[in-house]
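Coordinate analysis (summary)
Listed below are the residues making up each chain.
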Amino acid sequence: MALASVLRAELAEFSPNFPKNFPKNFPKNFPEDFPDDSEGIPEILRDPPGPPRVLAAPPWGFEAEPEGPGLQILHGTTTLAFKTPHGVTVAVDSRATAGSYIASQSVRKVLPISGRMLGTMAGGAADCAFWQRLVARQCRVQELRNKEPVSVAAASKLLANLVYQYKGLGLSLGTMLCGWDKRGPGLYYVDSEGQRVAGAAFAVGSGSSYAYGVLDRGLAAAARSEEAACELARRAIAQAAHRDAYSGGCVRVMHVGPDGWREVSHHDIAELQDKYLE
Amino acid sequence: MSILACNGGAVLAMRGRGCVAIAADRRFGIQAQTVSTDCQRIFPMGQRLLLGLAGLATDVQSVAQRLKFRLNLYELKEGRQIKPQTFMSMVSNLLYERRFGPYYAEPVIAGLDPVSLEPFICSLDLIGCPMVTQDFVLSGTCSEQMYGMCESLWEPDMEPEHLFETISQAMLNAVDRDAISGMGVVVHVIEKDKITTRTLKARMD
């Protein structure tokens, strides 16, 4: 049910088969009696027969996660974002590795969700690209329906709920949603484990520890101006790219303000070496 | 992770006309973390003989030190400089002694014969199988990338300056496609009367 409805680009509540006079007409034996709206979907894409999967995980949690090492190393990247009174400053590196082979030094790790919101990419590139594009579509539909830009909290909730349905199945996503809405700057960290956390500053990826070191030192000073904030973000990524083998390439700094997002700068790490590294 | 890919690193040697060049990267790291950018992978073993080692950092140091010890004894007993071919056999022997618990280091030798000044390069695997070639030898975590660069750039009978440019470009571009090598490159060019050592400015990410 979940996969079919996603592929038909409709969530349950937007489907024409959704029970009229909800919630009075809500099926007594949910989820078994929920109307099946998968006609027109090819056989191979339909969900397997039987009662549809429950949308939320059981309260005792899934046992799908294998008993491996506790910490799951996020795939090679460094992305960071932090809030200032002027908006949200976002900075990412651009390296993609396959094992120790550098597959690309020019990956775009920032995905626009709307005119006023950006999402960063860490983890599986395909997962991030697909689900964030889906959320971008949902945000646009919501904007058209409500005649109001969607809030960062709502967009991040949409994304978190979408990926939570696939918890334990191997999605890999560690993304930050950064935007400006009627409540001011908004920053949420959402990942494929189901975490959704609001905060003032995040760094995500294998180089995040190095980025935090530089970031935490300069956050107070960065609140002074947009220029100082972008400089701090650029420096943090450059330092992480230096220390972490799996981060590097270029630094892309973006800023989300009340007028929307814009790209502030795009530098190759080799250019910044002399400035930031000995 | 493979033991040879724990610390990362790369070594490359090329043969020219009357000269040889050997280059190595400078990164010392532990898995993803870069610990220092001034690691020594090329060790002097004679007046015109250099040994480069790639692999596990501790074994790189141990092999270089034990080899220097054996080489010193050789020079005292023989009263002369060792020939590169003989040195290759010495390295092979040292590595095969540990056949069933090997040193995780893959050496590359570059030098000129002390008498005839004939250029010589060779490499060995971690249990001492020697391979002598007439063009280039290499070892390290980005070996495939280095093979690609060398096959395209190498040509026979290069003069020392041309050889330096070629080996530098091959090394720089190969390590830029490897996450666990790089952070600078050091190049030694051995000619009959001097050894020129240069450190290249490279990407530090």
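Residues numbered from 1 in each chain as written. Chains lettered and ligands numbered in written order. Predicted model: local features only at pLDDT ≥ 70, side-chain atom pairs only at ≥ 80, totals over all residues. Heavy atoms only, no water.

- Per an unreviewed UniProt entry, chain B carries the name Proteasome subunit beta and comes from Taeniopygia guttata.
- Recorded under Subunit (unreviewed entry), the UniProt text for chain B is reproduced unchanged: "Component of the proteasome complex."
- Taken verbatim from the UniProt record of chain B, the Function (unreviewed entry) comment is "Component of the proteasome, a multicatalytic proteinase complex which is characterized by its ability to cleave peptides with Arg, Phe, Tyr, Leu, and Glu adjacent to the leaving group at neutral or slightly basic pH. The proteasome has an ATP-dependent proteolytic activity." (UniProt positions renumbered as here; feature names shortened; annotations may be inferred.)

- The name an unreviewed UniProt entry assigns to chain A is Proteasome subunit beta type-5, from the organism Taeniopygia guttata.

Structural notes on the packing of aromatic side chains
- Tallied over the full model, the rule gives 4 aromatic pairs over all chains.
- Here the aromatic rings of Phe130(A) and Trp131(A) are separated by 5.1 Å at their centres, their planes lie at 90 degrees, and the arrangement is edge-to-face.
- In this structure Trp131(A) comes out as buried when scored by relative accessible area, which is 5%.
- Seen in terms of ring centroids, Phe136(B) and Trp154(B) are 6.5 Å apart; in terms of plane orientation they differ by 65 degrees. Their pairing is edge-to-face. Of this pair, Phe136(B) sits in strand β10 (residues 136-140) while Trp154(B) sits in the loop between α3 (143-153) and α4 (160-175), placing them 18 residues apart in sequence.
- Here the aromatic residues Phe130(A), Trp131(A) and Tyr166(A) are joined through ring pairs into a cluster of three or more.
- Residue placement shows Arg198(B) over the ring face of Phe164(B); its charged tip is 4.1 Å from the ring centre. (Phe/Tyr/Trp six-rings, centres within 6.5 Å; stacked < 30°, edge-to-face > 60°. Buried < 20%, exposed > 50% of the residue type's maximum accessible area, 1.4 Å probe, protein only. Helix = DSSP H or I, 4+ residues; strand = E, 2+ residues; numbered from the N terminus. Lys NZ or Arg CZ within 6 Å of the ring centre and 35° of its normal.)

Thoughts on the sheet that holds strand β9 (residues 196-198) of chain A
All names here are of chain A.
- The strand order β5-β6-β7-β8-β9 describes an open sheet built from 5 strands, whose pairing is antiparallel. Of all the strands in the sheet, just β5 (110-114) and β9 have a single pairing partner and so form its edges. Sheet twist, expressed as the mean angle between neighbouring strand axes with direction ignored, is 20 degrees.
- Alignment of strand β6 (residues 117-120) against strand β7 (residues 174-181), held across 3 bridges, turns out to be antiparallel. Bridge pairing links leucine 118 to cysteine 178 in β7.
- Helix α2 (residues 125-146) contacts β5, β6 and β7 of the sheet and is inclined by roughly 20 degrees relative to β5. (Pairing = 2+ DSSP bridges. Axes fitted to C-alpha atoms, helices over the stretch in contact; angles between N-to-C directions. Contact = heavy atoms within 4.5 Å.)

Some remarks on the interface of chain A and chain B
- If you look at the interface, chain A gives 25 residues, while chain B gives 19 residues.
- In total, chain A and chain B occlude about 1,700 Å² of area from one another, counting both sides; carbon and sulfur atoms represent 42% of this.
- Joining chain A to chain B, the criterion identifies 3 salt bridges.
- Close ionic contact of Arg203(B) with Asp268(A) constitutes a salt bridge, the shortest N to O distance being 2.8 Å.
- Viewed at the interface, chain B and chain A are joined by 16 residue pairs in polar contact (both at pLDDT 80 or more).
- At the level of secondary structure, the elements contributing two or more residues to the side of chain A that touches chain B comprise β4 (101-104), α5 (226-243) and α6 (269-276) of chain A.
- Residue classes in the side of chain A that touches chain B are distributed as 10 nonpolar, 9 polar and 6 charged. (Buried area = accessible area lost by both parts, 1.4 Å probe. Salt bridge = Lys/Arg side-chain N within 4 Å of Asp/Glu carboxyl O. Polar contact = N/O pair within 3.5 Å; in protein donor to acceptor, adjacent residues only side chain to side chain. Nonpolar A, V, L, I, M, F, W, Y, C, P; charged D, E, K, R; others polar.)

A word on the pattern of salt bridges
- Using the criterion set out here, one finds 18 salt bridges over all chains in the structure.
- Across the pair Lys201(B) and Asp274(A) runs a salt bridge, and its minimum N-O distance is 3.2 Å. Here Lys201(B), found in the segment after β12 (195-200), pairs with Asp274(A), found in helix α6, and the two come from separate chains. Taken as a pair, Lys201(B) and Asp274(A) share a single burial class, namely exposed.
- With a shortest N-O distance of 2.8 Å, Asp25(B) and Arg41(B) are connected by a salt bridge. Of the two residues, Asp25(B) sits in strand β2 (residues 20-25) while Arg41(B) sits in the loop between β4 (33-36) and β5 (42-46), which places them 16 residues apart along the sequence. Residue Asp25(B) shares its accessibility class with Arg41(B), and that shared class is buried.
- Salt bridges sharing partners connect three or more residues here, namely Arg95(A), Asp268(A), Arg203(B) and Asp205(B).

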